[in-house]
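One-letter residues, chain by chain:
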Amino acid sequence: MKRMAFSIILAVFAVAVCIFGYCNTARSANTLIVSAENIDRLLSDGEAEKALEESRKLQADWEKIHDKLCVFLPHEHLEPLENIFAVLPYYIEQEEVSLARAECQMVKNTAEHIQKTERIAFENVF
């Protein structure tokens, strides 16, 4: 009986960790999507200074959430984002608007891919 109770507690703990990981990942990915959309909108409106400020804020946010995401995600999901955040402010400073907007689209696409592949669904569980 003790083994059965321990197994149930262990299973509940594992499910709780999975749900926590999913919620953390979804929230982090959503932060990236919203920030990338804001930067893209600012660039399309010709507000490069505000876009640069937002890209620096996004980079600071990334540094906060990166370690948490490393716990729950394969690193191949995160490496492209690292590269983008390294060049995005540079492109904005150099007034390479089309390149900066393309990088914003990549952030958005990568974050949406993370949300899709990490959601709680039958095909992701089995």
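In this text, all values refer to a predicted model and were calculated from it rather than measured experimentally.

Rules of the game
- Residues numbered from 1 in each chain as written.
- Predicted model: local features only at pLDDT ≥ 70, side-chain atom pairs only at ≥ 80, totals over all residues.
- Heavy atoms only, no water.
- Salt bridge = Lys/Arg side-chain N within 4 Å of Asp/Glu carboxyl O.
- Helix = DSSP H or I, 4+ residues; strand = E, 2+ residues; numbered from the N terminus.
- Buried < 20%, exposed > 50% of the residue type's maximum accessible area, 1.4 Å probe, protein only.
- Contact = heavy atoms within 4.5 Å.
- Core = buried A, V, L, I, M, F, W, Y, C linked by side-chain atoms within 4.5 Å.

Undergrad: Describe the pattern of salt bridges, and please don't skip the residues or the numbers.
TA: A full pass over the atoms with the stated rule returns six salt bridges. With its nearest N and O atoms 3.6 Å apart, the salt bridge here joins Lys108 to Glu37. Here the residue Lys108 occupies a position in helix α4 (residues 97–118), and Glu37 occupies one in helix α1 (residues 2–44), the gap between them amounting to 71 residues. Notably, a salt bridge pairs Asp61 with Lys57, separated by 3.3 Å at the nearest N-O pair. Of the two residues, Asp61 and Lys57 both sit in helix α2 (residues 48–72), four residues apart, roughly one turn of that helix. Assessed through its relative accessible area of 43%, Lys57 is described here as partly exposed. Three or more residues are tied together by salt bridges with common partners; here these are Glu37, Lys108 and Glu112.

Undergrad: Residues and numbers for the side chain of Ser55, please.
TA: Tracing the sequence through the fold places Ser55 in helix α2. When residues no more than four places from it in sequence are discounted, the contact partners of Ser55 are Ile39, Leu88, Pro89 and Ile92.

Undergrad: Explain the nonpolar core to me, and be specific about the residues and the numbers.
TA: With 27 residues, the main nonpolar core has Leu32, Ile39, Trp62, Phe85 and Ile92 as its most contacted residues. Elements represented by at least two residues in this core include exactly α1, α2, α3 (75–93) and α4. Those residues in contact with Phe85 that sit more than four places away from it in its chain are Leu32, Leu58, Gln59, Trp62 and Val107.

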